[in-house]
Amino acid sequence: MTESIVVDTSLEGLLDARISCRAYEDRQVPREVIEEILRLAQKTPSWCNTQPWQVAITEGEGTERFRAGLGEYVMANAQESDFEFPREYQGIYKSRRFDCAMALYSSVGIEHGDRAGSAAQTMKNFELFGAPHVAIITTDEALGTYGAVDCGLYVNSFLLAAQSLGVATIPQAALAGSSKFIHEHFGIDDTRKVVCAISFGYPDTDHPVNGFRTERETVDNVVQWMSN
């Protein structure tokens, strides 16, 4: 492989370095690098070794055709996903979501209350944030929630494998809201459900949107110990 490799491939190093990348360089990831990401992600554990994930990946003109078609679809159709989106965000989940959005908007100069600016930023989801590739992750519908959980594990393996090879990613539930278009565009059977997408490529490290970071709770705030 001729592309640069991330030096720190320890788990902690990969977790610290990985971000949801929202701006990309205009160059393709070589097929052999993508295949290595997929090889590593395929090691993901799953319930009864079902390995329910299937992946559709775009490159080159395939990405541009999908990007254009998706944008047209979103402008003309209401969002409807194969899985229910969150009913609502409450309490700390609402606060974390708000803080994340404000940090994102601030990084690109969108002021609080600027509806037009925030709407324009939201639409960048459907432009794949300029990424040269997208991976569509689907699960077998008969496996229900646990098939989706297994696919979630696969998504994380994909993200970390990509990071280890110097490739940036962003997992996107937003694209699952256009599941009808995705089924038709890729010829995905109705026996499969769209879980999410992963846009990926080489990061534009000079773009301010890639400079903001989100915080994580301390372990003490998420773990309950039962000693007796």
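Throughout this description, residue numbers start from 1 for each chain and increase along the sequence as written. Local features in this predicted model are restricted to residues whose pLDDT is 70 or higher, and side-chain atom pairs enter the listing and the counts only when it is 80 or higher, whereas totals over whole chains, interfaces and linings include all residues. Side-chain metrics in this entry use all non-hydrogen atoms of the structure; hydrogen atoms and water are not considered.

Would you mind showing me how to read the overall build of the protein chain here?
The secondary structure listing takes helices from DSSP runs of H or I that are at least 4 residues long and strands from runs of E that are at least 2 residues long, numbered from the N terminus. Assigned secondary structure in the protein chain consists of 7 helices and 4 strands. When the helices and strands of the protein chain are placed in sequence order, the string is α-α-β-α-α-α-β-α-β-α-β. With respect to the principal axes defined by its C-alpha atoms, the protein chain has extents near 50 × 50 × 40 Å. Partly exposed describes any residue whose relative accessible area lies between the buried limit of under 20% and the exposed limit of over 50%, with all areas from a 1.4 Å probe on protein chains only and scaled to the type maximum. Scored against the burial criterion, the 228 residues of the protein chain give a buried share of 40%. Note on contacts: a residue pair is in contact if any heavy atoms of the two residues lie within 4.5 Å. A separation of at least 24 residues holds for 86% of the contacts in the protein chain among residues at least 6 apart in sequence.

What exactly am I supposed to notice about the packing of helix 2 (residues 31-41) against helix 6 (residues 144-164) here?
Two numbers describe a pair of packed helices, the interaxial angle and the distance between the axes. The geometry of helix 2 relative to helix 6 is characterised by a closest axis approach of 8 Å and an angle of 135° between their N-to-C directions. The pairing of helix 2 with helix 6 is recorded here as oblique in orientation. The chirality of how helix 2 crosses helix 6 is right-handed. Within the contact between the two elements, helix 2 uses Ile37, Leu38, Leu40 and Ala41 and helix 6 uses Tyr154, Ser157, Phe158, Ala161, Ala162 and Ser164. In this classification, Asp, Glu, Lys and Arg are treated as charged, Ala, Val, Leu, Ile, Met, Phe, Trp, Tyr, Cys and Pro as nonpolar, and every other residue, Gly included, as polar. In terms of residue class, the contact of helix 2 with helix 6 is built from 8 nonpolar, 2 polar and no charged. Interaxial angle, 0 to 180 degrees, is taken between N-to-C directions of lines fitted to C-alpha atoms, where a helix line uses only the stretch in contact. For this classification, under 35 degrees means roughly parallel, over 145 means roughly antiparallel, 65 to 115 means roughly perpendicular, and everything else is oblique. Helix crossings fall into two classes, left-handed where the near helix is turned counterclockwise from the far one by less than a right angle and right-handed where it is turned clockwise.

Looking at this structure, how should I read a nonpolar patch on the surface?
What makes a patch is a set of residues exposed beyond 30% relative accessible area and free of salt bridges, joined within 9 Å when like-charged and within 5 Å when nonpolar (Val, Leu, Ile, Met, Phe, Trp, Tyr). For the area figures, the Shrake-Rupley method with a 1.4 Å probe applies, and any residue is considered shielded solely by the protein chains shown. Salt-bridge detection follows one rule: a side-chain nitrogen of Lys or Arg within 4 Å of a carboxyl oxygen of Asp or Glu. Judged by side-chain polarity, Val219, Val222, Val223 and Trp225 come together as a nonpolar surface patch covering roughly 450 Å² of accessible area. Among the structural elements, valine 219 can be located in the segment after strand 4 (192-201).

Looking at this structure, how should I read the packing of aromatic side chains?
Any two aromatic rings considered together are summarised by their centre-to-centre distance and by the angle between their planes. Here is the rule: rings of Phe, Tyr and Trp (six-membered ring for Trp) pair when centre to centre is within 6.5 Å. Planes less than 30 degrees apart are stacked, more than 60 are edge-to-face, and the remainder are tilted. Counting across every chain of the model gives 7 aromatic pairs. With 5.2 Å between their ring centres and 45° between their planes, phenylalanine 66 and phenylalanine 186 make a pair best called tilted. Placement of the pair is phenylalanine 66 in helix 3 (residues 61-76) and phenylalanine 186 in helix 7 (residues 179-186), with a sequence separation of 120 residues. Connected via pairs of aromatic rings, a cluster forms that spans Trp53, Tyr154, Phe158 and Phe200. We call a charge positioned above a ring when the Lys NZ or Arg CZ atom is no farther than 6 Å from the ring centre and deviates by at most 35 degrees from the ring normal. Sitting over the face of the ring of tyrosine 202, arginine 27 holds its NZ or CZ atom 4.0 Å from the ring centroid. Geometry around phenylalanine 83 places lysine 193 over its ring, the cationic atom sitting 5.0 Å from the centre.

So what exactly am I meant to see when it comes to the sheet that holds strand 2 (residues 133-140) here?
Strand pairing within a sheet occurs via backbone hydrogen bonds; the two strands may be parallel or antiparallel. Strands pair, by our definition, only if DSSP identifies at least two bridges between them. With respect to topology, 4 strands assemble into an open sheet ordered 1-2-4-3, the strand pairing being antiparallel. In this open sheet, the two edge strands, each paired with only one partner strand, are strand 1 (54-57) and strand 3 (168-172). On average, adjacent strands in this sheet sit at an angle of 25° to one another, irrespective of strand direction. Lying over the sheet, helix 7 contacts strand 1, strand 2 and strand 4, oriented at roughly 80° with respect to strand 4.

Explain the environment of glycine 130 here, please?
Relative to the helices and strands, glycine 130 is located in the loop between helix 5 (115-123) and strand 2. Of the residues examined, glycine 130 reaches a relative accessible area of 39% and is grouped as partly exposed. Taking the C-alpha atoms as reference, glycine 130 lies 20 Å from serine 106; in sequence the two are 24 residues apart. Not counting the four nearest positions on each side in its chain, glycine 130 is found in contact with Tyr24 and Arg67.

How should unusual backbone geometry be read in this particular structure?
A positive phi angle is found at asparagine 49, which is not glycine, with a value near 55°. Relative to the helices and strands, asparagine 49 is located in the loop between helix 2 and strand 1.

Even after reading the chapter, I still don't get the UniProt feature "domain: Nitroreductase" (unreviewed entry) in the protein chain, so can you show me in this structure?
UniProt positions are given in the numbering used here, feature names are shortened, and annotations may be inferred rather than shown by experiment. On the UniProt side, "domain: Nitroreductase" (unreviewed entry) is annotated at positions that read residues 17-202 here. With 45% helix and 15% strand, the stretch residues 17-202 has end C-alpha atoms that lie 14 Å from each other.

Help me understand the pattern of salt bridges in this model?
A side chain of one charge can pair with a side chain of the opposite charge when the charged atoms of the two come close. Overall, the coordinates contain 6 salt bridges when judged by the stated rule. Among the salt bridges present, the one from glutamate 25 reaches arginine 27, with a minimum N-O distance of 2.5 Å. Assessed through its relative accessible area of 31%, glutamate 25 is described here as partly exposed. For arginine 39, the salt bridge identified is with glutamate 36, shortest N-O distance 2.8 Å. Of the two residues, arginine 39 and glutamate 36 both sit in helix 2, 3 residues apart, roughly one turn of that helix.

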